[in-house]
Amino acid sequence: MKSLISALVLSAASVLPVSAGIHDFNPSNAAPTPRSTRAQVGQGQCLTTRDQSKVCYVRSSRTNYSISILDVDYPGQPEVAYIDCSTGRWGAYGDLPKATLELYLDDFCTTFG
């Protein structure tokens, strides 16, 4: 698990820009298109939001995701989160305020799950 967390944090630092904004979140900008598919177990992607925050995720099981967040408003404070999309329950490790985490995680499952 420790290596997965490290990989998520490292991959968040080297993401390619994608058109999606978390703080001004529009799920249609980040959701899979009709020509693409949702991530399978072991797959994921990285996104750079309009405000240059970075989010990477990996699907770890049918309903669970591991997520790395580098929020531009909290530089140098990477956050690692997990979410169970069957229940909506999530947890996180890091120093981001709960309100900021909710901006990222409240619509995560409907967008990516």
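Scroll up to find the structure.
## Let's talk about the pattern of salt bridges
Summed over all chains, the structure comprises one salt bridge. The partner of Glu-102 in a salt bridge is Lys-98, and the shortest N-O contact between them spans 3.8 Å. In this pair, Glu-102 and Lys-98 are both assigned in helix 3 (residues 98–105), four residues apart and thus about one turn of the helix distant. Residue classification places Lys-98 among the exposed positions, given a relative accessible area of 56%.

## So, the side chain of Asp-71
Along the chain, the position of Asp-71 falls in the loop between strand 3 (64–70) and strand 4 (79–84). For the buried Asp-71, no salt bridge exists, and the shortest N-O distance to an oppositely charged side chain is 11 Å, to Lys-54. A polar contact of 2.5 Å, which involves the side chain of Asp-71, links it to the side chain of Tyr-104.

## Regarding the nonpolar core
Core analysis: the largest hydrophobic core is formed by 16 residues, its most contacted members being Tyr-57, Tyr-65, Ile-67, Ile-69, Ile-83, Leu-105 and Phe-108. For this core, the elements supplying multiple residues, two or more each, are strand 2 (54–59), strand 3, strand 4, helix 3 and helix 4 (108–112). Setting aside anything within four residues of it in sequence, one finds Ile-69 in contact with Lys-54, Gln-77, Pro-78, Glu-79, Leu-96, Leu-101 and Tyr-104.

## So, the environment of Leu-101
Positionally, Leu-101 belongs in helix 3. Overall, the relative accessible area of 4% leaves Leu-101 in the buried class. Between the alpha carbons of Leu-101 and Glu-79 there is a distance of 8.8 Å; along the sequence they are 22 residues apart. Dropping the residues within four chain positions of it, Leu-101 is found in contact with Ile-69, Glu-79, Trp-90, Ala-92 and Leu-96.

## Considerations on the pairing of strand 1 (residues 44–48)
The pairing of strand 1 with strand 2 spans five bridges and is classified as antiparallel. Across the sheet, residue Gln-45 finds its bridge partner in strand 2, namely Tyr-57. A loop of five residues connects strand 1 with strand 2, the two strands running antiparallel in sequence, and Gln-52 in this loop sits at a positive phi of about 75°.

## Considering the state of the cysteines
Applying the stated criterion across every chain, the model contains two disulfides. Between the sulfur atoms of Cys-46 and its disulfide mate Cys-56 the distance is 2.1 Å. Since a negative S-S torsion denotes a left-handed disulfide, the Cys-46-Cys-56 link at about 110° is right-handed. Of the two residues, Cys-46 sits in strand 1 while Cys-56 sits in strand 2, which places them 10 residues apart along the sequence. Looking at Cys-46, the relative accessible area reads 22%, which means it is partly exposed. The disulfide partner of Cys-85 is Cys-109, and the S-S distance across this bridge is 2.0 Å. Classification of the bridge connecting Cys-85 and Cys-109 rests on its S-S torsion, roughly -85°, and on that basis the disulfide is left-handed. Of the two residues, Cys-85 is situated in the loop between strand 4 and strand 5 (89–93) and Cys-109 in helix 4; the sequence distance between them amounts to 24 residues. Classification of Cys-109 as buried rests on a relative accessible area of 17%.

Calculation rules
Residues numbered from 1 in each chain as written. Predicted model: local features only at pLDDT ≥ 70, side-chain atom pairs only at ≥ 80, totals over all residues. Heavy atoms only, no water. Salt bridge = Lys/Arg side-chain N within 4 Å of Asp/Glu carboxyl O. Helix = DSSP H or I, 4+ residues; strand = E, 2+ residues; numbered from the N terminus. Buried < 20%, exposed > 50% of the residue type's maximum accessible area, 1.4 Å probe, protein only. Lys, Arg positive; Asp, Glu negative; His and termini not counted. Polar contact = N/O pair within 3.5 Å; in protein donor to acceptor, adjacent residues only side chain to side chain. Core = buried A, V, L, I, M, F, W, Y, C linked by side-chain atoms within 4.5 Å. Contact = heavy atoms within 4.5 Å. Pairing = 2+ DSSP bridges. Disulfide = S-S within 2.5 Å.

Note that all results are geometric; they support no functional claim without further evidence.
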